Amino acid sequence: MELIYHTPLSAEAQIEHGLTEPQPLAMADRVRFSELDILHHVNNKAYLSWFETLRVAYFNRFFAPFFDGMPAPRNVVRNANIHYVKEMVLDEDYITTARVVSFRRTSYIMEQQIWSGDLRATMTGVMVLRTPDGQSGYPLPAPLRPSRIERDGAVAEGCA
């Protein structure tokens, strides 16, 4: 199966290209020359950009519709833990994934991975929703919560 770039990949395509388990959102791309460092492998900041690109796509696809008719929240990275597993080089195809593993009233934890035949990097980030002015927490809409459980297998923690 040919790898299609910048388009959500089916579960079958994800498995065929090396992922051990399909994720709710996965998209492919290829390493560009501008993403290399002096040692000719992917610079650490490129991984951050890849994670961010998919994280925004995930939010727009799976969160934003639940805020229709409401003020859009600020979606803020509170912190992130990145594990670089194996280097990557020019012209490698890769797949970036995203899924929510748990959520609270105004925050959620997102797990992301980068695959290129095998696992290359992981990131776990705590995401916080803020009001449009950034002054306080913005609760996840009630209908969004069961959708994260069903689609991602997320766990609700301390949600009342």
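That block above? That's the structure.
This section reports on the structure supplied with the text. Bear in mind that the values here come from a model prediction, so they are computed numbers and not experimental data. (Residues numbered from 1 in each chain as written. Predicted model: local features only at pLDDT ≥ 70, side-chain atom pairs only at ≥ 80, totals over all residues. Heavy atoms only, no water.)

## A word on the environment of Pro73
Phase 1: Take Pro73: it is sitting in the loop between helix 2 (44–63) and strand 2 (74–84).
Phase 2: A relative accessible area of 11% places Pro73 in the buried class.
Phase 3: Setting aside residues up to four positions removed in sequence, Pro73 forms contacts with Phe59, Phe67, Leu129, Arg130 and Tyr138. (Helix = DSSP H or I, 4+ residues; strand = E, 2+ residues; numbered from the N terminus. Buried < 20%, exposed > 50% of the residue type's maximum accessible area, 1.4 Å probe, protein only. Contact = heavy atoms within 4.5 Å.)

## A word on helix 2
Phase 1: Between its first and last C-alpha, helix 2 extends 28 Å over 20 residues, near the 28 Å set by a 1.5 Å rise per residue.
Phase 2: In this fold, the buried residues of helix 2 make contact with strand 1 (25–30), strand 2, strand 3 (93–103), strand 4 (107–115), strand 5 (119–130) and helix 3 (144–152).
Phase 3: For helix 2, the capping residue at the N-terminal end is Asn43, with a side-chain oxygen 2.9 Å from the backbone nitrogen of Lys45. (Expected span 1.5 Å × (residues − 1). Polar contact = N/O pair within 3.5 Å; in protein donor to acceptor, adjacent residues only side chain to side chain.)

## Observations concerning the side chain of Thr96
Phase 1: Looking at the secondary structure, you find Thr96 in strand 3.
Phase 2: The exposure class assigned to Thr96 is buried, which follows from its relative accessible area of 4%.
Phase 3: For Thr96, the contacting residues outside a window of four places in its chain are Leu25, Ala26, Met27, Trp50, Phe51, Leu54, Gln112, Gln113 and Ile114.

## Observations concerning the nonpolar core
Phase 1: With 19 residues, the main nonpolar core has Tyr58, Phe63, Val100, Tyr108, Met110 and Leu129 as its most contacted residues.
Phase 2: Here this core takes five residues from helix 2, the largest share from any one element.
Phase 3: Look past the residues within four positions of Phe63 in its chain and what remains in contact with it is Tyr58, Val100, Tyr108, Leu140, Leu144 and Arg148.
Phase 4: Membership of the second largest hydrophobic core comes to twelve residues, among which are Val31, Leu36, Val42 and Met123. (Core = buried A, V, L, I, M, F, W, Y, C linked by side-chain atoms within 4.5 Å.)

## Here we look at the packing of aromatic side chains
Phase 1: With the rule as written, the count across this model stands at nine aromatic pairs.
Phase 2: With a centroid separation of 6.4 Å and 25° between ring planes, the pair formed by Phe59 and Phe67 is classed as stacked. Side by side, Phe59 and Phe67 carry an identical accessibility label, which is buried.
Phase 3: For Phe67, a relative accessible area of 5% corresponds to the buried category.
Phase 4: Aromatic ring contacts, followed pair by pair, group Tyr58, Phe59, Phe62, Phe63, Phe67, Tyr108 and Tyr138 into a single cluster. (Phe/Tyr/Trp six-rings, centres within 6.5 Å; stacked < 30°, edge-to-face > 60°.)

## Considering the pattern of salt bridges
Phase 1: All told, the structure shown has seven salt bridges when counted by the stated rule.
Phase 2: The salt bridge partner of Asp29 is Arg32, with a shortest N-O separation of 3.1 Å.
Phase 3: Here Glu111 and Arg99 are joined by a salt bridge, their closest N and O atoms 3.6 Å apart. Separated by twelve residues along the polypeptide, Glu111 in strand 4 and Arg99 in strand 3 bring together distant segments of the chain.
Phase 4: Because the salt bridges share partners, they merge into one network encompassing Lys86, Glu92, Asp118 and Arg120. (Salt bridge = Lys/Arg side-chain N within 4 Å of Asp/Glu carboxyl O.)

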